There are 2 protein chains.
Amino acid sequence: MNFEYYTPTKVVFGKGTESRTGELVREQGGHRVLVHYGGGSAVRSGLLDRICESLKKEGLPYVTLGGVVPNPRLSKVREGIRICRSEGIDFLLAVGGGSVIDSAKAIGYGVANDGDVWDFYDRKRQAAGCLPVGAVLTIAAAGSEMSNSSVITNEDGWIKRGYNSDYCRCRFAVMNPELTCTLPDYQTQSGCVDIMMHTMERYFFKSGGMELTDGIGEALIRTVMRNARILKENPADYNARAEVMWAGSLSHNGLTGCGTDGGDWASHQIEHELGGMFDVAHGAGLAAVWGSWARYVYSENPTRFATFARRVFGLESGDEETTALAGIMEMEAFYRSVGMPTNLAELGIAPTEEQILEMAEKCCFYGRRTVGVLKALNQEDVAAIYRMAM
Amino acid sequence: MNFEYYTPTKVVFGKGTESRTGELVREQGGHRVLVHYGGGSAVRSGLLDRICESLKKEGLPYVTLGGVVPNPRLSKVREGIRICRSEGIDFLLAVGGGSVIDSAKAIGYGVANDGDVWDFYDRKRQAAGCLPVGAVLTIAAAGSEMSNSSVITNEDGWIKRGYNSDYCRCRFAVMNPELTCTLPDYQTQSGCVDIMMHTMERYFFKSGGMELTDGIGEALIRTVMRNARILKENPADYNARAEVMWAGSLSHNGLTGCGTDGGDWASHQIEHELGGMFDVAHGAGLAAVWGSWARYVYSENPTRFATFARRVFGLESGDEETTALAGIMEMEAFYRSVGMPTNLAELGIAPTEEQILEMAEKCCFYGRRTVGVLKALNQEDVAAIYRMAM
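This text gives an overview of the structure that appears in the document.

Cut-offs applied
- The residue numbers shown here count from 1 along each chain, following its written sequence.
- Labels are handed out in written order, letters beginning with A for the chains and numbers beginning with 1 for the ligands.
- Only residues with pLDDT of at least 70 are given local features in this predicted model, and only at 80 or more are side-chain atom pairs given and counted; all residues enter the totals for whole chains, interfaces and linings.
- Side-chain measures were taken over the full set of non-hydrogen atoms in the model, leaving aside hydrogen atoms and water.
- Think of it this way: any DSSP run of H or I at least four residues long counts as a helix, any run of E at least two long counts as a strand, and we number them from the N terminus.
- Only the C-alpha atoms count toward the radius of gyration. The rule for a globule is 2.2 Å times the residue count to the power 0.38.
- We call a residue buried when its accessible area falls under 20% of the maximum for its residue type, exposed when it is over 50%, and partly exposed in between, using a 1.4 Å probe and counting protein chains only.
- Throughout, a contact is declared for two residues whenever any of their heavy atoms are within 4.5 Å.
- Here the buried area means the combined drop in accessible surface, using a 1.4 Å probe, for two parts upon being joined, counting both sides.
- Only one rule defines a salt bridge in this text: a Lys or Arg side-chain nitrogen within 4 Å of an Asp or Glu carboxyl oxygen.
- In protein, a polar contact requires one atom able to donate a hydrogen and another able to accept it; more generally it is a pair of N or O atoms within 3.5 Å, and residues adjacent in sequence count only if both atoms are side-chain atoms.
- The copies were overlaid by least squares, fitting only the C-alpha atoms of residues that reach a pLDDT of 70 or more in each copy.
- Angles here are taken between N-to-C directions and fall from 0 to 180 degrees, while the axes themselves are lines fitted to C-alpha atoms, restricted in helices to the stretch in contact.
- For this classification, under 35 degrees means roughly parallel, over 145 means roughly antiparallel, 65 to 115 means roughly perpendicular, and everything else is oblique.
- All residues other than Ala, Val, Leu, Ile, Met, Phe, Trp, Tyr, Cys, Pro, Asp, Glu, Lys and Arg, Gly among them, are scored as polar; the first ten of these are nonpolar and the last four charged.
- Only centres within 6.5 Å qualify two rings of Phe, Tyr or Trp (six-membered ring in Trp) as a pair; their planes then separate them into stacked at under 30 degrees, edge-to-face at over 60, and tilted for everything else.
- To estimate how far a helix should reach, multiply one less than its number of residues by 1.5 Å.

Observations regarding the overall build of chain A
Thinking step 1. Along the backbone of chain A there are 16 helices and 8 strands.
Thinking step 2. Scaling as 2.2 N^0.38, a compact globule of 390 residues should have a C-alpha radius of gyration of about 21 Å, and chain A matches this with 20 Å.
Thinking step 3. With respect to the three principal axes, the spread of C-alpha positions in chain A is 65 × 45 × 40 Å.
Thinking step 4. Buried residues in chain A amount to 62% of all 390 residues.

Describing the interface of chain B and chain A
Thinking step 1. Of the residues lining the interface, 36 residues belong to chain B; the matching set on chain A comes to 36 residues.
Thinking step 2. Between chain B and chain A the total buried area reaches about 3,100 Å² when both faces are included, carbon and sulfur atoms providing 58% of it.
Thinking step 3. Summed over the shared surface of chain B and chain A, the result is 4 salt bridges.
Thinking step 4. A salt bridge links E4(B) to R20(A); its shortest N-O distance comes to 2.8 Å.
Thinking step 5. Connecting chain B to chain A are 17 residue pairs in polar contact (both at pLDDT 80 or more).
Thinking step 6. Elements with a minimum of two residues in the side of chain B that touches chain A: β1 (3-13), α8 (211-233) and α9 (238-252) of chain B.

Details of the pattern of salt bridges
Thinking step 1. Taken as a whole, this structure holds 50 salt bridges over all chains when the rule is applied.
Thinking step 2. Put simply, D122(B) and K124(B) hold a salt bridge, and the shortest N to O gap is 3.4 Å.
Thinking step 3. The shortest N-O distance in the salt bridge between K362(B) and E358(B) comes to 3.3 Å. Here K362(B) and its partner E358(B) are both found in helix α15 (residues 353-363), 4 residues apart, which amounts to about one turn of the helix.
Thinking step 4. Classification of K362(B) by relative accessible area gives buried; the value is 7%.
Thinking step 5. Three or more residues are tied together by salt bridges with common partners; here these are D214(A), E218(A), R304(A) and R311(A).

Digging into the side chain of K76(B)
Thinking step 1. Along the chain, K76(B) turns up in helix α4 (residues 74-87).
Thinking step 2. Non-local contacts of K76(B), meaning those with residues more than four positions away in its chain, are made with H36(B), L65(B), G66(B), G67(B), V68(B) and S103(B).

Examining the side chain of N113(A)
Residues and elements named next belong to chain A.
Thinking step 1. Summarising the element assignment, N113 is placed in the loop between α5 (98-112) and α6 (118-121).
Thinking step 2. With relative accessibility at 8%, the residue N113 sits in the buried group.
Thinking step 3. Of note is the side chain of N113, whose polar atom sits 2.9 Å from the backbone nitrogen of A128.
Thinking step 4. For N113, the side chain forms a polar contact with the main-chain oxygen of G129, separated by 3.0 Å.
Thinking step 5. Look past the residues within four positions of N113 in its chain and what remains in contact with it is R85, F120, A127, A128 and G129.

Describing the relation of the copies chain B and chain A
Thinking step 1. Each copy superposes on the other: chain B lies on chain A with an RMSD of 0.0 Å after a rotation of 180° and an axial shift of 0.0 Å. Such a combination of rotation and displacement between the chain copies is what one expects of a two-fold axis. Every residue of chain B has its C-alpha some distance from the rotation axis, and the shortest such distance is that of P8(B), at 1.9 Å.
Thinking step 2. Mapped onto chain A, 100% of the interface residues of chain B are again interface residues, and the two copies thus contact each other with one and the same surface.

Some thoughts on the packing of helix α8 (residues 211-233) of chain A against α9(B)
Thinking step 1. Across the interface, α8(A) lies against α9(B) with an axial gap of 9 Å and an inter-helix angle of 50°. The pairing of α8(A) with α9(B) is recorded here as oblique in orientation. Across the interface between the two elements, E211(A), L212(A), T213(A) and I216(A) from α8(A) touch E243(B), W246(B), A247(B) and L250(B) from α9(B).
Thinking step 2. In terms of residue class, the contact of α8(A) with α9(B) is made up of 5 nonpolar, 1 polar and 2 charged.

Looking at the packing of aromatic side chains
Residue and element names in this part refer to chain B.
Thinking step 1. Inspection of the entire model under this criterion finds 42 aromatic pairs over all chains.
Thinking step 2. Residues F13 and W246 carry aromatic rings whose centres are separated by 6.0 Å and whose planes lie at 65° to one another, so their mutual orientation is edge-to-face. With F13 in strand β1 and W246 in helix α9, the pair connects residues that are 233 residues apart, well separated along the chain. For the residue pair F13 and W246, the accessibility class agrees, reading buried in each case.
Thinking step 3. Centre to centre, the rings of Y109 and Y163 are 5.2 Å apart; their planes meet at 70°, and the pair counts as edge-to-face. Of this pair, Y109 sits in helix α5 (residues 98-112) while Y163 sits in strand β7 (residues 159-164), and the two are 54 residues apart along the sequence. For the pair shown, Y109 and Y163 are each scored as buried.

Details of α5(A)
Residues and elements named next belong to chain A.
Thinking step 1. End to end, α5 covers 21 Å across 15 residues, agreeing with the expected 21 Å (1.5 Å per residue, within 8%).
Thinking step 2. Counting buried positions along α5 yields 12 of 15 residues, so the element is predominantly enclosed.
Thinking step 3. What α5 keeps buried is the set G98, V100, I101, D102, S103, A104, K105, A106, I107, G108, Y109 and G110.

What follows is the structure, encoded as C-alpha cells:
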C-alpha cells in the first residue's frame, strides 16, 4: 500500500540535553518565545528555570504560560493565542508531556490561521499552517513530540477531539529520560500503555501491511512491556526510562504504520469520550477498554490477532481463534501486572446507561461517522463495548 | 548513550509516485532543476521522460546531466558544479540509485561552498551548506535517499571517500518499488547485502546500545534476508521489492544506530578501497570481506556476535564463542544462497601483496587513522583481513 512518511523533528536525546534548548530555538529561527507548561512540577524541579536560563543565554525574550491540565482545555489554548498575538510570539516552546505539547500545537494553529481554532478539531475546515513548536519532553506517553496530532478538550460540552496535520510537527524535541524518573508509578504505567497502543492501533489494520512494519512494531511493544515491568520495580532505572521514552516517539511518528491503511484507532476514539466525560488518565482509559474492543472485533480477522499473540507473547497454541483469544488475555494480564485497569470498574468509574449512550453518540458524531477499520463501529457497537468493559 | 536523530526527508512511497516529482520540487521551493542520472536505463525505461514531464507540468525549467557511474567520479561532480553555476540551478534532482544521489549531494556541496569540493571528502574542512537535493530512487541499496552521507571516488589516485553532514539530506525521496523490478539479480542481491550491512555495521558497536534499537535492527535484517531469497526466485515480486526498498532507507537513516557510538564501519572502509581500486559492486564487496572481518574481531565481544546469531538466525547452540562463530557461518551461507561472494576470489579479484599493502595504507590514511570501533584496526590489521579474505 502506498504511504508517506515525514518526520522532520530533530531529536536531541539524553542526559542534560535540556541545556541546549535555547540553541535549538535559535537554530529554528525563533525570536520571541512562549514557554508553555503544565503544573508546578516543572517549576519545583527547577527545569523551567534551566530552560529559561538557556533562552536568556541565546538572548531570546520569552513569556511563560503555565497551567495546562491533562486532557488540555480549549480555554487555555484561547488564552495562549491572545498572548502570542499581543506579545508578537513567533515560537512555541512546550515544556511537559503530550497535554502541553498538544496545547502548544493548538495555540500554533490558532495564531497562524484566522477564525476559531476549534473549527479544525471539529472537522469544519483545514488549517493552512502552524506557528513553529519545539518540545522539552517530561512524560513519555503521547508521542506528540514527533507526531502530527493534537488532542484538545472543549469544556463547552466536554468534547475531546483530535486534529492531525504535518504543520504542527515539532521542529525539535529535547528528550532527557532523567526528567521522567520522578513520575508517579500510575502515570508511568499509563504512559507505557499509551505508547504500546499507538503501535497496536496501527497493527490492527484492515488493508495493506508490511513485514518490516510488523517487525518494528512487535519489537517496540515487547520492549515497552519489558521496561514497564522494570520501572514497576525500579522507577529510577535510567535505561528503562530511555527505552520507554524513545519508544514513545517512534510509536506515534508514523513508522509503525507504514504501508498500512493507518490502523484501527477505535480504542482511542472510545477512550476519548471517557477522557472527556470522566477526565481519566488516557493510557489507563485505553487499558480499560482495549480487551473489550478486542473481543468485540477479533472475529473480523482472528489470524491477525493470533499473529500478534505469537510474536508479542510467544504463544504457540493451536487454532487461530484460541490463540487470538489467548493473546487478548495475555495483554490484559500484562496490564494488571503493572497496575493498569482492564475494565471501567478498575479504572474507578461507573457510567450510567444514560452516560454510556451519550458517550457512544458523541463518539460517532451523533451517527455521522463510524469508528475503527477492522470493524466499522456505529453507536450501538460502541455502547456495547462500554457495557462489556463495565 | 546520548544521540541525535534527524530524518527530515519526506518519503513518498509506492506505485506511480514518480508522477508527483514536479509537485514535490515545487513544494520544496525549487525553481531551476538539474536532473542528474546514470546510464541509459532511466532513459530506455521512459522514467526520465515521465520525470521531465512532471517538471514541465509544474512549469519548472531543467537541465539534464547523465552518465553517473557506480563508484561515482569526482570529474562528473565538477562538471555538475559548473553546469549549476552557469545555469543558475537551485534544486538537484537525482534519478537513480546511491551513486547518482551521492553525486548530486557532492554537486550540492560544491555549489553551496567556495573552494574545492574534494576538501570535504578529504577531511580538510567542513561544508557550511548544500544545495537542496531530491531523489527518485531506482535501486534499493545505499540508503542515500535518507542518509546524511555521500561517497565519491577521486580518479586522481582512485581514492574513494565518504563525507557526512545533515546539510545533504534529501528534501524528498520518491520511492516506487516497481522501478526496481527489472534490476539484474546480481545488482539486486548486492543491494540487499548493502542494506543489511548498514544495520550490521551499527549493530556491532563498542559502547552504548538500546534494546529498542537492537530489536528494530534485527527485524530489519531478517526482513531483508527473507525477501532477498524471494527475489532470487521471483525478481518481479512487488511486495518483496517494497520490503527491501523501505528497509534500505530505514537501515541508513540513523534509526538502527540510536543510542550507540554509531557502530563499527570497518567493513565499509575496507570495502571502499576495493571499490576504488577494482570498481567492484559495493554490496558484493562487503559480502566478500565481512566474514573475514568478523572472524578477525569477534573475540573482542563474542557475546555480541552470539546475540546476533541467536536473534537473527534463531541459533540456540552452547557457549558464546561457538554461537558467535556459527552466526558468522550462517551469514556467509546466506550470502552464498543468494549468489553473493564470501571472499575476494568469488568476488572475481586477486589483489597482489603489493596491492593489498597499498589498499591497507590508503584505508588507514597512511597511518593517520585506524578503522572500526569493536577493534581499532591499523594498516597491518586491514592487510591481514584482505589476506584472510583471499
